[in-house]
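Coordinates in review
Here are the chains, one letter per residue:
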Amino acid sequence: MKEVTKPTLLVVGAGGFIGGFIAAEGLRRGFDVYAAVRESTSRRYLTDESLKFVVLDYDDSDALAEALKQSAPSPQGWDYIIYNLGATKAVNFLDFNRVNFLYLRNFVTALLELDMLPRRFLYMSSLSALGPYDEKSGRPADSKTLPHPNTRYGLSKIKAETFLETTPRLPWIIFRPTGVYGPHERDYLMMIECIDHHFDFSVGFKPQMLTFIYVEDLVGAMYDAIASENTVHRKYIISEPRSYTQKEFRAIVGRALGGKWVLPVKLPLWATYAASYVAEKIGVLKGEASTLNRDKYRIMRQRNWQCSVDEAVRDFGFHADFSLERGIEHTVEAYLNAKNTKE
């Protein structure tokens, strides 16, 4: 009897919050999973013995190509590639361009030169690539929304998307997820910690509509998209198909924490900008990327994060199993377990 071989998958940027979930889900779905990491990458979420590791140096094009050639399961490369590598904050804003654009260009160029084109190449972009949209009308973003990013992070993502669009040989798919949350994620963890201490900080006095996607729903969508015949050379917004106010978010987290009373604190935009500027400069002096910075301020200032997922529903049957309430319950449970372990 002929041996059935598993489809091969390379997860680029496997060491991060989302990457660990991508790798684990790939193993669960029967893929032969290769985890691409840098030499310095933590492997704390990549503990399954079935994983195969590929160590890449994205700054050295020749070394990158050689490592891919030596690590590939066959001369044709991998069946599927999910490219999750990226920087969401940086000490030097030029690092956004280096990590989010140049690394992708180097990687794809190596694939083309080695003739290692996968069946599908899924690239993780961001809803921030669109920049602010319809702040007055509140109309949801969709595939027709023209990007005009107002952050260095968003600009780097658009550059990466544009590069893929000019590479027709590569069967790319682009995901633009909204705010991704779940166990191990750090930015939303900070918000949960504040609410756990009875405070909820928000920015600006105008109403803000927020959207979210639980990490397991995002990862499930990735595998559904690469399995579809309808997704090549298309871009998709990925989100739970409803929006929330800050008050609703605060109430959901408070309930998950056991009914915490929470004092909402609204910060004026000018004060938030000043704090972001100072925090960013302190981070530069320390040589550390600050969570609060001018890029983050522009993201927090945006009022409308509503978006349509109709194209994803149509092309690969996207659906979000986790409402914000259910996802926050899982996230808070992981937070409390980690908190109790420290104590």
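Structural notes, computed from the coordinates. (Residues numbered from 1 in each chain as written. Predicted model: local features only at pLDDT ≥ 70, side-chain atom pairs only at ≥ 80, totals over all residues. Heavy atoms only, no water.)

A word on the layout of surface pockets
Space inside the second largest pocket adds up to approximately 290 Å³. Around the second largest pocket, the lining is made up of 16 residues, and of these Glu 25, Arg 29, Glu 216, Asp 217 and Gly 220 lie nearest the centre. At the level of secondary structure, the elements contributing two or more residues to the lining of the second largest pocket comprise α1 (17-28) and α6 (215-227). Element by element, the count of residues in the lining of the second largest pocket is highest for α6, at six residues. In terms of residue class, the lining of the second largest pocket is built from six nonpolar, three polar and seven charged. (1 Å grid on protein atoms, 1.4 Å probe; cavity = no way out; pocket = protein on both sides within 12 Å on 5 of 7 lines; lining within 4 Å. Points joined across faces, edges and corners; volume = space filled by probe spheres on them. Helix = DSSP H or I, 4+ residues; strand = E, 2+ residues; numbered from the N terminus. Nonpolar A, V, L, I, M, F, W, Y, C, P; charged D, E, K, R; others polar.)

Description of the pairing of strand β2 (residues 32-37)
Where burial is concerned, most of β2 is hidden: six out of the six residues are buried. Residues Asp 32, Tyr 34 and Ala 36 of β2 are buried on one face, and the alternating residues Val 33, Ala 35 and Val 37, pointing to the opposite face, are buried as well. Sheet analysis places β2 next to strand β3 (residues 52-55), joined by four bridges and oriented parallel. Residue Ala 36 lies in a different strand from β3, and its bridge partner there is Val 54. (Buried < 20%, exposed > 50% of the residue type's maximum accessible area, 1.4 Å probe, protein only. Pairing = 2+ DSSP bridges.)

Some words on the nonpolar core
Core analysis: the biggest nonpolar cluster contains 60 residues, and Ile 18, Leu 122, Phe 175, Leu 218, Met 222, Ile 238 and Phe 316 have the highest contact counts within it. Looking at this core element by element, the count peaks at eight residues for α6. Setting aside its immediate chain neighbours within four residues, Leu 218 contacts Ile 18, Met 124, Phe 175, Pro 177, Val 180, Ile 213 and Ile 238. Among the nonpolar cores identified, the runner-up in size contains 38 residues, and Ala 36, Leu 85, Val 108 and Tyr 153 belong to it. (Core = buried A, V, L, I, M, F, W, Y, C linked by side-chain atoms within 4.5 Å. Contact = heavy atoms within 4.5 Å.)

Notes on empty space enclosed by the protein
Using the criterion set out here, one finds one cavity of 30 Å³ or more in the structure. Considered as a void within the structure, the largest cavity measures approximately 40 Å³ in volume. Along its surface, the largest cavity is lined by Ala 90, Val 91, Phe 93, Glu 280, Val 284, Glu 288, Ala 289, Ser 290 and Asn 293. Considering only residue class, the lining of the largest cavity consists of five nonpolar, two polar and two charged.

Observations concerning unusual backbone geometry
Of note in this structure, His 184 is not a glycine but carries a positive phi near 85°. With respect to the helices and strands, His 184 occurs in the loop between β7 (179-181) and α5 (187-196). Look at His 184 and you get partly exposed, because its relative accessible area is 42%. Positive phi, normally seen in glycine, also occurs at His 198, with a value near 80°. Tracing the chain through its elements places His 198 in the loop between α5 and β8 (199-203).

Focus on the pattern of salt bridges
All told, the structure shown has 24 salt bridges when counted by the stated rule. Here Asp 59 ties to Arg 98 by a salt bridge, and the two come within 3.6 Å at their closest N and O atoms. With Asp 59 in the loop between β3 and α2 (61-71) and Arg 98 in helix α3 (residues 94-114), this pair connects stretches of sequence that are 39 residues apart. Look at Arg 98 and you get partly exposed, because its relative accessible area is 30%. Among the ionic pairs, Asp 315 bridges to Arg 234, the shortest N-O distance being 2.9 Å. On the criterion of sequence distance, the pair formed by Asp 315 in helix α10 (residues 310-316) and Arg 234 in strand β10 (residues 234-238) is long-range, its members being 81 residues apart. Of the residues examined, Asp 315 reaches a relative accessible area of 9% and is grouped as buried. Several salt bridges share partner residues, and in doing so they unite Glu 25, Arg 28, Arg 29 and Asp 224 into one network. (Salt bridge = Lys/Arg side-chain N within 4 Å of Asp/Glu carboxyl O.)

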